[in-house]
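A closer look at the structure
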Amino acid sequence: MPKETITGAEALMRALKAEGVKTIFGYPGGAIMPVFDALYDYTRGEDRVFEHVLVRHEQSAAHAAEGYARVSGEVGVCLVTSGPGATNTLTGVADAMMDSTPIVVIAGQVGMAALGTDAFQEVDLVGVAQPISKWSYQIRRAEDVCWAVSRAFYIARSGRPGPVVLDFPRNVQEELTEYKPCHVDFVRSYIAYPALDTDAVSRAAELINNAEKPLALVGHGVELGNAHDELVAFLEKGDIPAARTLLGLSALPTEHPLNVGMLGMHGNYAPNIKEQECDVLVAIGMRFSDRVIANVNTYAKQAKIIHLDIDVSEIDKNVKTDVAVVADCKVSLPAITRLLNENNHKEWRDSFKPLYEKEFEEVICPAIHPSCGPLLMGEVVNVVAEATGGDAVLVNDVGLNQMFSCRYFRYNTKRSVVSSGGLGTMGYAMPAAIGATFGAKDRLVCMFTGDGGFQMSIHELGTIMEHGCPVKMILMNNNYLGNVRQWQDMFFNKRRSYTKMLNPDYGKICTGYGIPYSFVSSRDELKGEVAKMLSTDGPYLLECAVREEENVLPMIVPGSSVNEMKLTL
């Protein structure tokens with residue numbers, strides 16, 4: 001039987017199909033044209049394999065792949081050309097690395113013979129991407145395409161997920177090779193899933209069983225490990241109050257009785273105060289970032305610290321651990337739960353309530369139920385949250401809109417938060433929301449953004465227009481780079497250096513793109529406009545004119561301890 005000979009570009013298509021890829025976010029160019037030519041036949045007809053989403057900027061392709069991955073649990077894929085096409089994706093690659101998001105970036109490259117000659121649109125992508133990716137690799141032979149793609153997907157999705165970058169020279173895309181499918185499920189020296197240390201499990205369970213004031217810190221790792229049910233079983237058996245990081249917010253439903261709020265600089269008052277009172281702190285799939293621990297020299301010194309994480313490099317990196325359980329939390333959580341006593345910490349749990357009531361009275365109620373003045377970000381988020389009942393996907397940008405929407409949105413369902421946590425990438429929201437609509441087609445996607453972040457990716461209205469992406473965009477416009485303005489007011493004597501924004505007429509822009517739009521500045525009209533937005537099929541932009549000088553509270557001032565959180569400025 002004659003052997004089948006195909007091009008490297010065709011091999012890529014078949015390898016992506018074998019990995020179960022359904023959606024690709026991309027932008028064509030000279031060095032990736034043979035791949036896009038092969039893609040043509042895979043995106044048409046009743047038997048089409050892929051849906052290709054043409055974004056308006058390559059950075060958006062990476063963020064869209066992130067949004068897709070975050071809500072679906074699958075690997076996001078983007079396809080771009082060489083040089084600036086590839087380097088434009090690197091912000092998304094770095095963002096995915098910081099937030100452990102599995103994406104695969106496939107970038108064209110100049111032909112092998114031109115490498116190192118400073119050819120048109122040549123850049124050392126592997127060298128540039130290595131420090132900010134989980135793996136970066138240049139495919140130098142067409143016969144290696146299927147192997148490289150399978151390896152890339154295995155590395156991206158296994159263990160602690162992350163981004164992979166494949167550099168694909170043009171001549172290799174056109175080179176002929178015998179087609180040989182390949183499946184990679186092992187990489188030498190790469191231990192994706194560390195073996196569970198039963199001794200560490202026993203020591204962790206003993207500490208928890210003897211604790212009088214245990215506190216769990218729930219991170220993004222629970223979502224990545226699909227360990228939601230295991231988390232609930234662990235918390236309920238041990239009767240352990242749980243706080244969540246920003247990226248871990250939907251790992252535990254908002255209304256769960258053991259949920260005590262959000263950690264961090266602008267999180268909830270009670271969990272931040274209680275971190276300095278608990279006797280056993282159980283960190284689950286979180287990395288003790290600076291925005292959570294604040295002053296490392298004073299953080300939780302009174303507590304025994306148990307750290308559950310799949311990545312051994314996170315152990316003792318920022319906070320010294322008493323017991324480390326290095327494993328997938330879907331495995332480690334039930335192992336510990338089996339050894340737990342049925343416990344009752346009612347007195348300890350009840351001690352959180354006065355602190356919550358204090359925050360509600362001084363911060364939350366004024367933020368979501370103001371009696372007069374301009375609209376506030378908190379009340380806009382609250383109205384949308386009430387209207388969606390906690391079942392929507394939250395996508396947000398970076399800044400005040402991010403903090404307010406994370407604080408006041410509600411979460412009933414897992415994988416409901418799509419936010420740029422570690423890198424804090426402005427312009428993230430719109431492309432990530434586009435990706436989310438493809439990754440969770442049966443869910444409502446609500447995107448909150450400020451005027452600064454919105455203008456950083458406003459070109460993606462073209463993608464939304466072309467594909468009819470049903471993103472409900474809530475633009476909270478305060479005519480400022482609001483978060484920077486707040487810090488300028490607090491720490492730079494109110495010297496507002498270049499944070500005032502001159503905004504365009506967003507209504508006219510939406511008219512050009514054929515996207516429904518409305519503007520609201522009146523409290524009396526807010527609920528009606530939100531209802532109109534949610535009842536309109538397809539995309540919608542609701543611009544809300546909010547108070548220009550609104551600050552997000554509470555706040556842990558940099559350099560202070562978590563229990564020195566301020567409710568007022």
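This text goes with the structure placed above it.
Residues numbered from 1 in each chain as written. Predicted model: local features only at pLDDT ≥ 70, side-chain atom pairs only at ≥ 80, totals over all residues. Heavy atoms only, no water.

**With respect to the pairing of strand E9 (residues 214–218)**
The buried fraction of E9 is high, at five of five residues. Judged by which residues are buried, E9 turns out to be covered on both faces: Pro214, Ala216 and Val218 on one side and Leu215 and Leu217 on the other are all buried. With five bridges connecting them, E9 and strand E12 (residues 280–284) associate as parallel partners. Directly across from Ala216, in E12, lies its bridge partner Val282. Pairing geometry for E9 and strand E10 (residues 242–244), over three bridges, is parallel. (Buried < 20%, exposed > 50% of the residue type's maximum accessible area, 1.4 Å probe, protein only. Helix = DSSP H or I, 4+ residues; strand = E, 2+ residues; numbered from the N terminus. Pairing = 2+ DSSP bridges.)

**A few points about the nonpolar core**
Of all hydrophobic cores here, the largest spans 68 residues; its most connected members are Leu281, Phe288, Phe409 and Phe448. Per-element tally for this core: the top contributor is helix H17 (residues 377–388), with six residues. Those residues in contact with Leu281 that lie beyond four places of it in its chain are Leu215, Leu217, Phe288, Tyr299, Ala300, Ala303, Lys304, Ile305 and Ile306. Core analysis: the second largest hydrophobic core is formed by 47 residues, Phe25, Ala65, Ala432 and Val471 among them. (Core = buried A, V, L, I, M, F, W, Y, C linked by side-chain atoms within 4.5 Å. Contact = heavy atoms within 4.5 Å.)

**Remarks on the packing of helix H1 (residues 8–18) against helix H7 (residues 145–157)**
Contact pair H1 / H7: the axes reach a minimum separation of 9 Å and the direction vectors enclose 35 degrees. When you trace H1 past H7, the crossing you get is right-handed. The segment H1 lies against H7, with Gly8, Ala11, Leu12, Ala15 and Leu16 engaging Val145, Cys146, Val149 and Phe153. (Axes fitted to C-alpha atoms, helices over the stretch in contact; angles between N-to-C directions. Left-handed = near helix turned anticlockwise from the far one by under 90°.)

**Let's talk about the sheet that holds strand E13 (residues 304–309)**
Across the sheet, six strands lie side by side as E11-E10-E9-E12-E13-E14; this open sheet has parallel pairing. Every other strand in the sheet has two partners, leaving strand E11 (259–262) and strand E14 (323–326) as the edge strands with one partner each. Going from strand to strand, the sheet's axes swing by 20 degrees on average, the running direction of each strand aside. In this fold helix H14 (residues 329–339) packs onto E12, E13 and E14, with an angle of close to 135 degrees to the strand it touches most, E13.

**Some remarks on the sheet that holds strand E3 (residues 51–54)**
One open sheet accounts for six strands, arranged E3-E2-E4-E5-E7-E6; its pairing is parallel. Strand pairing shows two members of the sheet lacking a second neighbour, E3 and strand E6 (135–138), which therefore form its edges. Adjacent strand axes in the sheet meet at a mean angle of 20 degrees when their direction is disregarded. Two elements, strand E5 (residues 103–109) and strand E7 (residues 163–169), share seven bridges in a ladder whose sense is parallel. Paired with Ala107 across the bridge in E7 is Asp167. In the packing of H1 onto the sheet, contacts are made with strand E2 (23–26), E5 and E7, and the angle to E7 comes to roughly 155 degrees. Where helix H5 (residues 90–98) meets the sheet, its contacts fall on E5 and E7, and the angle it forms with E7 comes to roughly 150 degrees.

**Brief notes about the packing of aromatic side chains**
Scanning the model with the defined rule gives 15 aromatic pairs in all. Residues Phe288 and Tyr299 carry aromatic rings whose centres are separated by 6.1 Å and whose planes lie at 75 degrees to one another, so their mutual orientation is edge-to-face. Here Tyr299 lies in the loop between helix H13 (290–293) and E13 and Phe288 lies in the loop between E12 and H13, a separation of 11 residues in the sequence. Just as Phe288 is buried, Tyr299 falls in that class too. The rings of Phe25, Tyr68 and Phe438 are connected pair by pair, giving a single aromatic cluster. Sitting over the face of the ring of Tyr179, Arg14 holds its NZ or CZ atom 4.7 Å from the ring centroid. (Phe/Tyr/Trp six-rings, centres within 6.5 Å; stacked < 30°, edge-to-face > 60°. Lys NZ or Arg CZ within 6 Å of the ring centre and 35° of its normal.)

**Points about helix H18 (residues 400–408)**
The element H18 is extensively covered by neighbouring structure, given that nine of its nine residues are classed as buried. Of all the residues in H18, the buried ones are Leu400, Asn401, Gln402, Met403, Phe404, Ser405, Cys406, Arg407 and Tyr408.

**Brief notes about the state of the cysteines**
Covalently bonding the sulfur atom of one cysteine to the sulfur atom of another cysteine gives a disulfide. Counted according to the given criterion, the structure contains zero disulfides. Cys182 takes part in no disulfide bond, and the closest cysteine sulfur to it belongs to Cys146, at a distance of 7.2 Å. Just so you know, Cys372 is unpaired, no disulfide at all, and the nearest cysteine sulfur is the one on Cys365, 13 Å from it. (Disulfide = S-S within 2.5 Å.)

Worth remembering: the numbers are spatial, not functional.
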